Structures are given as structure tokens and as C-alpha cells.
Amino acid sequence: MLSEGVTLRAAIRQVLQSHRDGAATILSSLLALEDALGYIPPEGIEEVAELTHTTTNDVWGVASFYPNFRFDPPCEHTIEVCWGPTCHLLGAPAVVKEVLDALGLANEGDTPDRSITFKFNTCLGACAQAPVMALDHHLYGRLTPRAARGRVEALKGSPAHRR
Amino acid sequence: MTTDNRITLRIDDREVRARPGTVVLEAAIEAGIYIPYLCYHPGMKPYAACRMCMVQEEVEVEVERDGQKVKEKQLRPVSASCTMPVREGLVVRSANDALRNLQRGVMEMLLSEHPHGCLTCHRVELCGPEDICLRHVAVNDRCVFCPKNERCELKDSVRFLGMDLLSPLSYKTRGLELEAADPFYDRDYNLCIVCARCVRVCEEVRGDNAITFVERAGKALVGTSRGSSLLESGCEFCGACLDVCPVGALVEREHKWDKAVRVSRAVCPNCSVGCQLNLEVNRREKLIRAIPELNAPANRGQACYKGKFGLEFVNHQERLKRPLVRRDGLLQEATWEEALAYIAERMPAYRGAGFAALASARTSNEGAYLLQKFARAVMGSNSVDVDSNTRPALARALEQPLGYAAATNTLWELEQSGCILVVDANLTEEHNVAGVPIKRGVRKGARLIVIDTREVELTRYAHLWLRPRPGTTLSLLGGILREILESGLEDKEFLAAKVGGLVELWAALDPYTLEVVAEATGVPMAQIREAARTYADADSGAIVYALDNVAPLEQAAQVHALADLALATGNLGKPSSGLYPLVRGANAQGSADVGAAPDLLPGYQRTEDEAARSRLEERWGVRLPVEAGLGLAEALHAAASGSVKAMLLLGDSASYTSGELQDGYEALERLELLVVHDAFLGQAAQRAHVVLPATTFAEEEGTYTNLERRVQLSPRALSPRNSEARPAWQVLCQLAQRLGAKGFEFSSAAGVFDEVASVAPIYSGISHGRLVREAVYTLRPDPRNPLPTQLVHSDRVSRGLLWPCPDAVRAGAPVLYADGFPGGQARLMPLPEPSVLSATPGEFPFTFVPGRVLAQEERDVAVERVGGVNHIRRDERVEMHPMDATDLGLSAGDAVEVTAAGARLRGIVELRESQHRGVVSMTTLFGELATRLQASEDPDPMARVPLLSIRPARVEKGVR
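Residues numbered from 1 in each chain as written. Chains lettered and ligands numbered in written order. Predicted model: local features only at pLDDT ≥ 70, side-chain atom pairs only at ≥ 80, totals over all residues. Heavy atoms only, no water.

## Thoughts on the overall build of chain B
Argument step 1. Looking only at helices and strands, chain B has 28 helices and 41 strands in total.
Argument step 2. For a compact globule of 960 residues, the expected C-alpha radius of gyration is about 30 Å, and chain B comes in at 30 Å, within 12% of that figure.
Argument step 3. Dimensions of chain B, computed from C-alpha atoms along their principal axes, come out at roughly 95 × 70 × 65 Å.
Argument step 4. Counting every position in chain B, which comprises 960 residues, the buried fraction comes to 61%.
Argument step 5. Long-range pairs, those at least 24 residues apart, make up 73% of the contacts in chain B between residues at least 6 apart in sequence.
Argument step 6. Per element, the accessible surface of chain B, about 37600 Å² overall, is 50% carbon and sulfur. (Helix = DSSP H or I, 4+ residues; strand = E, 2+ residues; numbered from the N terminus. Rg over C-alpha atoms; globule rule 2.2 N^0.38 Å. Buried < 20%, exposed > 50% of the residue type's maximum accessible area, 1.4 Å probe, protein only. Contact = heavy atoms within 4.5 Å. Areas by Shrake-Rupley, 256 points an atom, 1.4 Å probe, with all protein chains shown as cover.)

## Notes on the overall build of chain A
Argument step 1. The number of helices and strands found in chain A is seven helices and five strands.
Argument step 2. By principal-axis analysis of the C-alpha atoms, chain A measures approximately 50 × 35 × 25 Å.
Argument step 3. Within chain A, buried positions represent 45% of all 163 residues.
Argument step 4. In the form shown here, chain A has an accessible surface area of approximately 8600 Å², with 57% of it arising from carbon and sulfur atoms.

## Examining the interface of chain A and chain B
Where the parts come together, the accessible area they lose is often given as the size of the interface.
Argument step 1. Each partner contributes residues to the interface: chain A has 16 residues there, and chain B has 18 residues.
Argument step 2. A combined buried area of about 1600 Å² lies between chain A and chain B, and 47% of that area is made up of carbon and sulfur atoms.
Argument step 3. Among the residues of chain A in contact with chain B, Asn57(A), Trp60(A) and Phe65(A) are the three that bury the most area, contributing 34% of the side total.
Argument step 4. Where chain A meets chain B, there are ten residue pairs in polar contact (both at pLDDT 80 or more).
Argument step 5. Per-element accounting of the side of chain A that touches chain B gives the leading share, seven residues, to helix α4 (residues 56–65) of chain A.
Argument step 6. When grouped by side-chain class, the residues that make up the side of chain A that touches chain B number six nonpolar, six polar and four charged. (Buried area = accessible area lost by both parts, 1.4 Å probe. Polar contact = N/O pair within 3.5 Å; in protein donor to acceptor, adjacent residues only side chain to side chain. Nonpolar A, V, L, I, M, F, W, Y, C, P; charged D, E, K, R; others polar.)

## Things to note about the domain arrangement of chain A
Argument step 1. Annotation of chain A at the domain level lists domain 1 (2–65) and domain 2 (77–157).
Argument step 2. Distance from the C-alpha centre of domain 1 of chain A to the C-alpha centre of domain 2 of chain A: 29 Å. (Domains from an automatic or database assignment.)

## A look at helix α3 (residues 153–160) of chain B
All names here are of chain B.
Argument step 1. The element α3 is largely enclosed, with a buried count of six among its eight residues.
Argument step 2. All of the buried residues along α3 are Glu-153, Leu-154, Lys-155, Asp-156, Ser-157 and Val-158.
Argument step 3. Taken together, the buried residues of α3 touch α2 (97–111) and α4 (197–205).
Argument step 4. Looking one or two residues beyond α3, the residue adopting positive phi is Gly-162, at roughly 60°.

## Considerations on the environment of Leu30(A)
All names here are of chain A.
Argument step 1. Considering the arrangement of structural elements, one finds Leu-30 in helix α2 (residues 26–37).
Argument step 2. Residues Leu-30 and Ile-40, spaced ten residues apart in sequence, show a C-alpha to C-alpha distance of 7.2 Å.
Argument step 3. Those residues in contact with Leu-30, other than ones at most four positions away along the chain, are Ile-40, Val-48, Val-59, Val-62, Ala-63 and Phe-69.

## Some details on the packing of helix α16 (residues 514–521) of chain B against helix α17 (residues 525–537) of chain B
Residues and elements named next belong to chain B.
Argument step 1. Their axes nearest at 9 Å, the elements α16 and α17 cross at an angle of 115°. It follows that α16 is roughly perpendicular to α17 by the angle criterion. Crossing handedness for the pair α16 and α17: right-handed. Counting all contacts with α16, which are made through Leu-514, Glu-515, Val-517 and Ala-518, the residues of α17 involved are Met-525, Ile-528 and Arg-529.
Argument step 2. Looking at the contact of α16 with α17 residue by residue, the class counts come to five nonpolar, no polar and two charged. (Axes fitted to C-alpha atoms, helices over the stretch in contact; angles between N-to-C directions. Parallel < 35°, antiparallel > 145°, perpendicular 65-115°, else oblique. Left-handed = near helix turned anticlockwise from the far one by under 90°.)

## Things to note about the sheet that holds strand β10 (residues 262–267) of chain B
Residues and elements named next belong to chain B.
Argument step 1. Read from one edge of the open sheet, three strands run β10-β11-β12, paired in antiparallel fashion. Of all strands in the sheet, those with a lone pairing partner are β10 and β12 (287–292), marking the two edges. Ignoring strand direction, the axes of neighbouring strands in this sheet form an average angle of 30°.
Argument step 2. Here β10 runs beside strand β11 (residues 276–281); their pairing, made up of six bridges, is antiparallel. Its bridge partner being in β11, Val-267 is matched across the sheet by Gln-276. (Pairing = 2+ DSSP bridges.)

## Describing unusual backbone geometry
Argument step 1. Of note, the amide linkage connecting Ala130(A) to Pro131(A) takes the cis form, showing an omega dihedral of -10°.
Argument step 2. Of note, the bond from Trp803(B) into Pro804(B) is cis; its omega dihedral lies within 30 degrees of zero at 0°.
Argument step 3. Mapped onto the fold, Pro804(B) is located in the loop between β32 (801–802) and β33 (826–827).
Argument step 4. Its identity is not glycine, yet Arg114(A) carries a phi of approximately 55°, on the positive side.
Argument step 5. You can see Arg114(A) is positioned in the loop between β2 (109–110) and β3 (116–121).
Argument step 6. Owing to a relative accessible area of 36%, Arg114(A) belongs among the partly exposed residues under this scheme.
Argument step 7. At Phe184(B), a residue that is not glycine, the phi angle is positive and equals roughly 70°.
Argument step 8. Residue Phe184(B) is classed as buried on the basis of its relative accessible area, which comes to 8%.

## Things to note about the packing of aromatic side chains
Residues and elements named next belong to chain B.
Argument step 1. Taken as a whole and assessed by the stated rule, the structure comprises 22 aromatic pairs over all chains.
Argument step 2. Centroid distance Tyr-656 to Tyr-665: 5.3 Å. Interplanar angle 75°. Geometry classified as edge-to-face. Neither residue differs from the other here; Tyr-656 and Tyr-665 are each classed as buried.
Argument step 3. Aromatic ring contacts, followed pair by pair, group Tyr-404, Phe-494, Tyr-604, Trp-803, Tyr-817 and Phe-821 into a single cluster.
Argument step 4. Cation over ring: Arg-346 sits above Tyr-342, and NZ or CZ is 3.6 Å from the ring centre.
Argument step 5. A cation sits over an aromatic face here: Arg-362 above Phe-313, 4.4 Å from the ring centre. (Phe/Tyr/Trp six-rings, centres within 6.5 Å; stacked < 30°, edge-to-face > 60°. Lys NZ or Arg CZ within 6 Å of the ring centre and 35° of its normal.)

## Brief notes about the domain arrangement of chain B
Argument step 1. The domain architecture assigned to chain B consists of domain 1 (1–99), domain 2 (324–390 + 587–802), domain 3 (394–583) and domain 4 (846–957).
Argument step 2. Averaged C-alpha coordinates put domain 1 of chain B and domain 4 of chain B at centres separated by 56 Å.

## Concerning the packing of helix α13 (residues 473–486) of chain B against helix α15 (residues 502–509) of chain B
Describing two packed helices takes the angle between their axes plus the distance from one axis to the other.
All names here are of chain B.
Argument step 1. Taken N-terminus to C-terminus, the directions of α13 and α15 make an angle of 120°; their axes are 10 Å apart at the nearest point. The orientation of α13 relative to α15 falls into the category oblique. The hand of the α13/α15 crossing is left-handed. Counting all contacts with α13, which are made through Gly-478, Leu-481, Arg-482, Leu-485 and Glu-486, the residues of α15 involved are Leu-502, Leu-505, Trp-506 and Leu-509.
Argument step 2. Tallied by class, the residues present in the contact of α13 with α15 amount to six nonpolar, one polar and two charged.

Below is the structure:
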């Protein structure tokens, strides 16, 4: 466990090191970490506090403000379904219901086997293709509930997504 | 004082005068006009979050009506009065229906998340805890079950706004658990109204950032990083958040449910900062809470863990109530008559050098004055000192170069300093509130240089932390001094006009070259250069020092070196500069002022000074001993060797076992007569022949002089029941009279002080009467209006008087030496040869350097809850040089055991190239100490907070 902690910390330091050249703020540092690791571990909070000369409490204040940060490792795959206005009008609610049903979830969250994380997204930027969802950051548009379920079922057994 | 620059504005048809730069809300508060507010708090920047203090500006505009131009009054849109600056001619309305409706709307929103069944009920004042509520307000939701019930600002505002019974009574229950596992605080965030006062005070005033806002929108609340315990979040348990909380969310755990019937002001007895506290007293005459006074000059509304939570000793059940006399080897209860007779019978035999007296760190000026008068006039001995005075040179060594043995400037000037040099001092733990202006100064741009081998809290804020090898601070200071002079950074004009001794100093500094100093101290040359430049270049440079871990023989030299630094750079006699000796003990400064020192008569007149002595002899009507007596260390030594046979102690002292003296208690055991006047049967009292019960600071009237020379009056706050305890001045009077002495016929502490003022020139203009008279009204409450509860305490505040105070008209000088030095010139003191450190191989080949900080961001901390109490669990790291580790056959990550002066510490080896050879250091968390203090069985644990002392040590391989 200890050795894992050490390597994680080293990885965090590396991410922050390469990020340091720009104007490092608490938020930009957290974003850099989230991008690199997919989540913000406790060590990440500590290291960002060090880098930005603040305290872990300040960093946590920023981090906990944004629902898009996660604080535990993400699952192997991520599904984001857009529920922005356009997607909503063009059938997102039915897609959401179908996807949740396929995953056995009631709301945003991780499947019990930790294979898939389900998130809502307020806009995936592809309104012309609505309704849209993203599987591991790949966009799929003009979805029907059936098509969405098919994509999700296909994703279930596929190898873990690499960042 | 200066009212001429005040601005005139009108609030609700009342003309109000306000200081420029303030806001409308502050002007209203000062004028006694109540505008409800919840997030504003004096001493913090306006925040405008609660939207309660809304007002409207009234303007006159020209409008055309029937073709004619007429002037008409119009109201501008509403704005928050806490962010509306005052300006000449401003007209403000705070009390119209539109505003009230707006405020009620805001309040309804706040109440939607706060239990409010009682808040809006007309029976709120009538119901008691056992009453049946016809409205079925749940027990947990009732105001009578809120610890802040009688001091809730939300309640004040609700009642002021005349909120109706809200129906239904439902509100959003957060369902959060009470946070009660951390020391001293109970936090119930179900009651939080998210006004941000606590978060802001922690950041803005204390500079700790130990709490923050977490989450957002409907879920936003106050919390810590990942919900961690305060033990690891960087909390210093100063209680500032509790003091500003307007509701019951943050409260002191001790006496949580007790209601105050009375509030009395007192000066905190726990260190020499001299914080004024508002002591809340319940109907059983118990001290239940201490709330720092907002307008007190030394603390400005701040306190610390010792002041907030270290006064419980006053209520302790083990307090001595009656005198004890040793009969048949046992201390047995006696009457005052018997006890005084016992002493009077035996004491005269020890007249002369065989007698010594020690005042306690908490003895008032009156007690200390009479103690030295008793020792000198009655017992014929000059051996009188203060039991916390383990470092006699601390302030006294300033006398020779400058003139006065005291701090040169006042504490809060540090906030405006350009550069602050903190030398061998652990402010956060020992003079906590003195650290507040320093941290605030750093925020405003001051450069902070810390010189300390130990890692202490202030090193986190330091721009430059010089970490000399243990025991080499003097060399380092010599190096900095030489660097200043050599680089021409000195203040040549100041030196030429006001200072002598430059040639001698130059000669003495010859051996302190950069190379030699860097080699001896292990501090890189670049850092020494930078420190010299930073301090010398600052517009105003202040030096704060405590002589922690400085060898007794080097203490005077180190103070001289610091005085030289200040003199050479012209940092004396002007604001925000100077020297601040952090004297140890609440009234150690005052005790020395009034003559409780072996070589000083009251007012720093030498015992050898023929003229001064004969003046006093005439006044007291006795012959006085000439030669200086024994100080604290010598007196204990003499007691151990048998040359001092009788002692009179006022109070016990942590110094007797702190390691700075040898074992003091062992010395006391050898005395033929030991009289102890103390509130507890402490270690000293247990060895005494007679023990006299003492009142505490809260039960007696007295003056205390803080480290900035401020004489403050602490009135009697409590009248203990069923106790025969008496204040020191009274006991000394009775004892002296029994011994047939004249000049002890005092009936009050004020009378004693008048005599002090008449014999000590520096106190001439000070009297109890003047201290009371010159209290300033900071608030003129309008009795018809409800007041924000926490401001009620701030009605009348004495700002104390600074010495030297020559007459009853002038105030004392905040800055000493502004008009030159008493001797005409100050004197640069030559430094001794740099001492050569000799390695001490043998049993303890290493030097152990402890450190303690509030938080270590880079370290994982586990907090374990044992029996409902949080404890820190982590592997401590023992930092050592890689070569030392190799010599011991250790490598990084190995378990080691460090044995230092009896204590055994375990840790994990961490290798550091920057570590000095032969030094091992370990930095622990303050949270650990806080847990320990909270759990302590000691009746007065805050008086015995362990010092971070550097000790010889042995390092061995340990087992994991």
C-alpha cells in the first residue's frame, strides 16, 4: 500500500510539475490532475496545496465546489449522457432511462462491479446530433433508446479504457 | 480624541458622526442604531453575504411637475450597509416597510434550514426545558436546548424583525452528526446559517485557513479538507471561530449549557501578551466562558487555546480553600490565624541572606510589589524574583545598550512592519496572540525571517527560514550584523547621531566573517546575505525574540546582538520597528517593573544606587540591604546548598521542572521553612511547611503589565463561595504586620498601586482610578433597541496605560526612544568571540531538535477515534543526515528510537542532506498536543504546556 502511495504521489508531482510552467491556480492544478488521473486522490489535494501555497482546506473548498471532480478512481468505462435542452427535447429522457436500466443504476454513479461510471452531462457540444451520449469520450449521436442500450451492452464486456 | 476629521451623515433622521473609511453599518452600530446583520463582524472585511443589513440611500432629485422644477426626495435601490462607505452628507434609511419586508424574506430563507419553532414563537422567553409545547416543536429543535440560547444573534434579528409564527414549522433538517471528537469545540452544523464568519476569521484574522466552505449551492457548508478532523486541518484551537459564530453551531464544549448571569473583564493570566477577556459567570459563581474583548488593545478580539480553554483551573474542585500547616509531618487544615502565627513565629529567624522570595508568573503588580517590599523591608533580603524568570537576560539585557528593560514598541505595530525577524521563539504556543499581527503583516507584504533550529508554526509563513546548528544563533546574528556593516547597509545618520560604540563593535565582529559563520552555523552564505539585506532594507524592521534554547551564558550576548542589529539599521524609536522580548509569565514584566528582581528596587533603580535606596528607606522607614540578592536560579541553587533556609513562594511554577533550572522541587525540600501561597496543593505546596490558599486572577483586583509595557487593570470577576482564599497583597500585609513591620497598612489593591506609583518613576502617572476613568466607550447602546449579543460585551474598554508614564495627564509612549535615548546615546554592544561547539560524544552523541506545527500538508495523517476522542496516528519522521545514518547502520525508512533527557520517542528515519551532522529532528503536530491538553488530569494544564527544548540525545535502531 505504501509503495503504491509513493508512486501515486510521484505521478501527481509529475503532472503538477509540467503544469507549473503556466499560471498555476488551485483550479487549473486540479483540472490537470483530473485530466491525467481521472480523479483527484487525497495526495493530489495535498500536493496542490503545496504548489499553490495554500492549505488542503482551501483546495478542498475549490474541489468540492465543482461536481465534475471525482475523488475516487473512476471505473473502467465512463458513460455520459447529455441532458442539455436540445437532447432533452429530442428524446434524452428515454435514452437516460434505458441506459440506467441497462446498467442497473437509479441515478448517476458507478455500477456495483465498478466497470462503468454513469454521469449526466449538460452539453456534449453536438446538439445537431441530439440526443447524444459519450462512451469513454467517444460521441454517439442520433440515439434511440434501443441503440443506446446496444452501445452500453457492447461496452460492458470490452477491455478497460486507457487514458 | 480627534473628532475633527469625522464625517457627518444621517441615518433615519439622526445625525451620525463616523470615522472616514468606515461603512454605514459601523456608523450605525457606533451611534446605537440597530440594523440587523449576521455576516458582518468587527475586525473583518465586510462580506455582504447575509443580505440582512439592507438600507436605502435617500437622494434629492429635481423633477419637473406642472412645468415647474421641484426638488423631490427619492430612495435609491437597496444595498448592503456593511459595504456602503460613509460620506459627507449621505442620507440613509434603514427602517421602512419595503426594507423590513425584504429582510423578513431573507430571514425566512435562513429559517428554512434552521430549527425555528421557538424562534418565531411569542413564548420564546417564557418556556423552560420541561415545558410541554402546544405546537409540538421537537425537543431537539427548541431554543432552550441550544447552547447559544441567550446569546444568539439570529434570535435577536428574528425578534427585531417581528417575524410571525411561520406555519408550517417544517424546515430542512440536515441530519448531520454533532462533531464532538476534536478537542475543546462542539460543532453542530445543523444550526449553521453559512454566514462565513468562522471561515473568514480563520483566514483573514488568524491566517490559518483551517476551515473552508465545502460543496456549493444548497449543500454548501463549513468544513475541512475531505471532512478531516481539526487535528490535522491546521487548527490552532484559538476559538476565534467560536467567538464570532452568531448561532449555536460552534460552541465551547466545557460549560456548553451554562448560562451567564454576569460578564466581567479580566486580563488573561496565561502569558505576557495581556489579552483582555470577557469572563462569563453563571449563577453559581463559576467561570463558564472566556470571550476575548474586541476593543482590547493587546488582543483586538483574539485569544488562544490557553486563554479560551485554559482558565478552568479557577473552578477546579481541588482549589485550596483553607490554610494548611505541617504538623507531625503532615499538612493539616488550619485557620488563617494559626497559619500566620506559625509563620510569624519562625520567619524572623531567617532575616537576611537566608531568606528568598519568589513571585509567580501570575502575581499582580500589587502582589509583586509587596512581596519585594516584604523581602527587603521586613526580611532584609534582596533575594526576590519571579518564578518564570528562567531567562533573566531576556528583557534586562536591553537596559545596558538602550536604557529600558522592556519591549520598545506595541504589539499590533508589527502588522505594519516591513520586515519581522523572529528569533528562537515559538509564538504560536507560548505567546499566541502576538503571532496574529505578524501573520497579518506577512499577508500585507512584510518580509518574515525566522531564525530557529526548530520547525515551528511561523516557519510556514517565513520568506526566509534560517536553521542554524543548535546553539549557534549568536554566531549567525554576528554574521548578519557584520554583513550589514560590511555592505554599507547600516543607517549611518542614525548611528552618527544617536549611537556609540561602533568602533568596538567593528573590532569584535572581526572574527564573524561570512565564511566562518556559514561554517559554524551550517547556514549557507547566500541566506545570511539575504537576511542581512532584507532586514536592513526594510522601512521598518522589528525583532521578536524569546531566547528559546539559548545557553544561559550566551543569553545576554544574544540580546545585545539583536539590539545591535536594531541600532545599526536605525530600527529604534520609530513605529513598527524595535525589539520585542517575549517575557515569560503573564506579569513577569510588571513584577520586574515594581522591583521583584534581586538587584532592582521599584522602577528599575539599582539596589546599589545610594540615592534611590535612601529615598526608599526614608519612605519605608527601614534600612535596606545594599547588595543584589539571588535571582530565581541562584536562589534555588542556594536552597539546595543550604545557604538559603527559608523561602516564600507565591504560586507554583512549571519552571521548576522545565529543565532550564535543575530540579527546583528537590531544592525546595531542603528548606527549613517553606511558605507557599498558591491556589492548588501543587508540587511546591506539597513540600511546604505552611500553605496559604490563594485567589486566582479572576477573584482579585490587580494590575498586570504585559510585554508591551501596558499596565492593565483586571477587576474582580468572581466571588468564590466557601473559600478563605486571599490575594497575595493582603496576605503579605497581614504577615508583615504580624512581624511588626510598618508600611503594610493597605486596605485595597488600589492603595498598594498608589504606593507603587509614588516610588517607581515609570509608573508615576498610573493609578487604578485613572485606568478605570480612561476606559473608552466604544459603543453607546440604545436600550430600546436589541443589540447583537456579542457586542454587548464591548461597551467600555480600558486601553491600559503604557509606561513610562510620568504624570497623570500624559499617556505613556507606544514607541520608546522616539525622542532619543535616556543616556543621550544608545550603545552598540561588542559581541564575544564566537563560541566553538565541542562535540559531546558519550552517552548522548546527538542533539535532538523537536518541532511542532499546525499542519504538514505533505504528510498523510490518520485520525483514530478512541473513546469518542480523535487522536492522531502516524509514523513520526526522524530527520537525520545521510552520513549519520550510515554511521549508525540506518537507512531511510528504518524504525529508530530517540532517547532525549528521559523521554523516548519512536520514528522512521528520513534522510536529509540539509540536516546538520549530529542533529536529529522530529516535527510533530499541534493537534496531538491539543488532544493531550484536553484530556489532562492536571488542574491547570495550560500553565505546563511542554516547551520545545533542544536536548542531547541518543539514537538507536528501533523495532517497528
